[in-house]
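# Structural description and commentary
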Amino acid sequence: MRDYAIVKPQFWIGETGRRLREAGPEALLVAMYLLTCPNSSMLGLFYLPLVVIAHETGLPLEGASEGLRRVSEAGFARYDHSSETVWVLEMATYQVAETLNPKDNRWK
């Protein structure tokens, strides 16, 4: 589990943030959860059963499923139900950097 996650203010006002707002409160909650949940990784690809999303966000199972569908439609993340794996498309950009200097320790 990571010690922290980066959530930039741009999350709320950027293009993806606007699409998530339009998608409804479940989409916003699920998107924020995907950025900050205990299972998340800085690269954005991680195992996350739907029941865990529902439990940890307080959403009913149907609400968590709908939130996932909407974050996918907004272009924020993809979810594979068969492997219970989520991919937050731009997570590395959010959590690491858009570009890295080869001397940066995060390069590894």
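Everything below is about the structure printed above this text.
So, here's what we can say about the structure. This is a predicted model, so every value here is computed, not measured. (Residues numbered from 1 in each chain as written. Predicted model: local features only at pLDDT ≥ 70, side-chain atom pairs only at ≥ 80, totals over all residues. Heavy atoms only, no water.)

## Quick notes on helix H2 (residues 15-23)
In an α-helix, one turn spans 3.6 residues; hence positions three or four apart end up facing the same way. Under the convention used in this document: Burial classes follow relative accessibility: with a 1.4 Å probe on protein chains only, a residue under 20% of its type's maximum area counts as buried, one over 50% as exposed, and anything between as partly exposed. Per the convention used, a helix needs a DSSP run of H or I reaching at least four residues, while a strand needs a run of E reaching at least two, with both numbered from the N terminus. The directions from the helix axis to the C-beta atoms form the arc being described. In what follows, a contact means two residues having at least one pair of non-hydrogen atoms within 4.5 Å.
Turning to H2, its buried residues are Gly17, Leu20 and Ala23. The buried residues of H2 occupy an angular sector of 120 degrees when projected down its axis, which confines them to one face. Along H2, the residues that are exposed and aim more than 90 degrees away from the buried face are Glu15 and Glu22. On its buried side, H2 packs onto helix H1 (10-13), helix H3 (25-36) and helix H5 (61-73). Just past H2, the residue Gly24 takes up positive phi, approximately 110 degrees.

## A short note on the nonpolar core
This is how the line gets drawn: Only buried residues count toward a nonpolar core. Its members are Ala, Val, Leu, Ile, Met, Phe, Trp, Tyr and Cys residues joined through side-chain atoms within 4.5 Å.
Core analysis: the largest hydrophobic core is formed by 28 residues, its most contacted members being Leu20, Leu34, Val71 and Phe76. Among the elements of the structure, H2, H3, helix H4 (50-57), H5, strand E2 (77-80) and strand E3 (85-88) are those that each provide at least two residues to this core. No other element matches the eight residues that H3 contributes to this core. Sequence-distant contacts of Leu20, defined by excluding residues within four places in its chain, comprise Phe11, Ala27, Leu28, Ala31, Val71, Ala74 and Phe76.

## Some thoughts on the packing of H4 against H5
Using the following cut-off: Convention adopted: a line fitted to C-alpha atoms gives each axis, helices being fitted over their contacting stretch, and angles between N-to-C directions are expressed from 0 to 180 degrees. Any angle that falls under 35 degrees is termed roughly parallel, while one over 145 is termed roughly antiparallel, one within 65 to 115 roughly perpendicular, and all others oblique. Throughout this entry, Asp, Glu, Lys and Arg are counted as charged residues, while Ala, Val, Leu, Ile, Met, Phe, Trp, Tyr, Cys and Pro are counted as nonpolar. The remaining residues, Gly among them, count as polar.
One can describe the packing of H4 onto H5 by two numbers: an axis separation of 8 Å at closest approach and a directional angle of 110 degrees. With respect to H5, the axis of H4 lies roughly perpendicular. The residues of H5 that touch H4, namely those facing Leu50, Val51, Ile53 and Ala54, are Leu61, Ala64, Ser65 and Leu68. Of the residues contributing to the contact of H4 with H5, the split by class is seven nonpolar, one polar and no charged.

## What to know about the pattern of salt bridges
Put simply, the rule is: Here a salt bridge means any side-chain nitrogen of Lys or Arg lying within 4 Å of a carboxyl oxygen belonging to Asp or Glu.
A complete count under the given rule lists five salt bridges for this structure. Residue Arg19 pairs with Glu15 through a salt bridge whose shortest N-O separation is 2.7 Å. One end of the pair, Arg19, and the other, Glu15, are both in helix H2, four residues apart, so they sit about a helical turn from each other. Overall, Arg19 belongs to the partly exposed group, its relative accessible area being 31%. Where Arg70 meets Glu26, a salt bridge forms, and the shortest distance between an N and an O atom there is 3.5 Å. One end of the pair, Arg70, is in helix H5; the other, Glu26, is in helix H3, and 44 residues separate them in sequence. Given the relative accessible area of 25%, Glu26 is considered partly exposed. In the salt-bridge network here, residues are joined through shared partners; they are Glu26, Glu66, Arg69, Arg70 and Glu73.

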